[in-house]
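A look at the structure
Chain by chain, the residues run as shown.
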Amino acid sequence: MAKWIPGAAVFGLLCLMIIPAPGIWGVLIGAACVLAIVGSLCMLLLDRVASAILVWRARMRARRPSRSRSRVVHSGSGMARKV
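Calculation notes
- Residues numbered from 1 in each chain as written.
- Predicted model: local features only at pLDDT ≥ 70, side-chain atom pairs only at ≥ 80, totals over all residues.
- Heavy atoms only, no water.
- Helix = DSSP H or I, 4+ residues; strand = E, 2+ residues; numbered from the N terminus.
- Buried < 20%, exposed > 50% of the residue type's maximum accessible area, 1.4 Å probe, protein only.
- Areas by Shrake-Rupley, 256 points an atom, 1.4 Å probe, with all protein chains shown as cover.
- Patch = residues over 30% accessible without salt bridge, like charges linked within 9 Å, V, L, I, M, F, W, Y side chains within 5 Å.
- Salt bridge = Lys/Arg side-chain N within 4 Å of Asp/Glu carboxyl O.
- Expected span 1.5 Å × (residues − 1).
- Arc of directions from axis to C-beta.
- Contact = heavy atoms within 4.5 Å.
- Axes fitted to C-alpha atoms, helices over the stretch in contact; angles between N-to-C directions.
- Parallel < 35°, antiparallel > 145°, perpendicular 65-115°, else oblique.
- Left-handed = near helix turned anticlockwise from the far one by under 90°.
- pLDDT = per-residue confidence, 0-100.

1. Focus: the overall build of the protein
- Counting its secondary structure elements, the protein contains two helices and two strands.
- Listing the helices and strands of the protein from first to last along the sequence gives α-α-β-β.
- Out of the 83 residues belonging to the protein, those deemed buried represent 10%.
- Accessible surface computed for the protein: about 7500 Å², of which carbon and sulfur atoms make up 71%.

Structural data, given as structure tokens:
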């Protein structure tokens, strides 16, 4: 649904240029179309930034050595336990 909203808003603005709506209705329709376009652009920008942050965090997590590796401690002859 979010993919066709900016296209419909641009189509609405073009229709207003070709067939102008009278008075306050034209202003309201034009403002709604502009708000839909600006809102969609903000959501697109937010999605790109969030995706970039997630990729950056995954890259940093992969680069950092894992501390969860268990090491073997010898507790006597022939015995070993994990710490």
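Back to the text.
2. Let's talk about a nonpolar patch on the surface
- Together, Val10, Leu14, Met17, Ile18 and Ile19 line one region of the surface with nonpolar side chains, adding up to about 560 Å² of accessible area.
- With respect to the helices and strands, Ile19 occurs in the loop between helix 1 (5-18) and helix 2 (23-63).

3. Concerning helix 1
- With 14 residues, helix 1 should reach 20 Å at 1.5 Å per residue; the first-to-last C-alpha distance of 20 Å fits that figure.
- Along helix 1, the residues that are buried comprise Ala9, Gly12 and Leu16. For helix 1, the angular spread of the buried residues around the axis is 55°, confining them to a single face. Exposed residues pointing more than 90 degrees away from the buried face of helix 1 are listed as Phe11, Met17 and Ile18.
- As for helix 1, its buried residues are in contact with helix 2.

4. Some thoughts on the packing of helix 1 against helix 2
- In the contact formed by helix 1 and helix 2, the axes pass within 9 Å of each other and the chain directions differ by 150°. It follows from the interaxial angle that helix 1 and helix 2 lie roughly antiparallel. Helix 2 is crossed by helix 1, and the crossing has left-handed handedness. On helix 2, the residues that touch Ile5, Pro6, Ala9, Val10, Gly12, Leu13 and Leu16 of helix 1 are Gly26, Ile29, Gly30, Cys33, Val34, Ala36, Ile37 and Ser40.

5. Some words on the environment of Leu35
- Inspection of the secondary structure assignment puts Leu35 in helix 2.
- Take Leu35: its relative accessible area is 63%, and that puts it in the exposed class.
- Spatially, the C-alpha atom of Leu35 lies 8.7 Å from that of Ala9, the residues being 26 residues apart in sequence.

6. Brief notes about the confidence of the model for the protein
- Summarising the model, the protein shows a mean pLDDT of 80, and 75% of its residues fall at 70 or more.
- Averaged pLDDT values for the elements of the protein fall to 55 in strand 2 (residues 79-82) and rise to 89 in helix 2.

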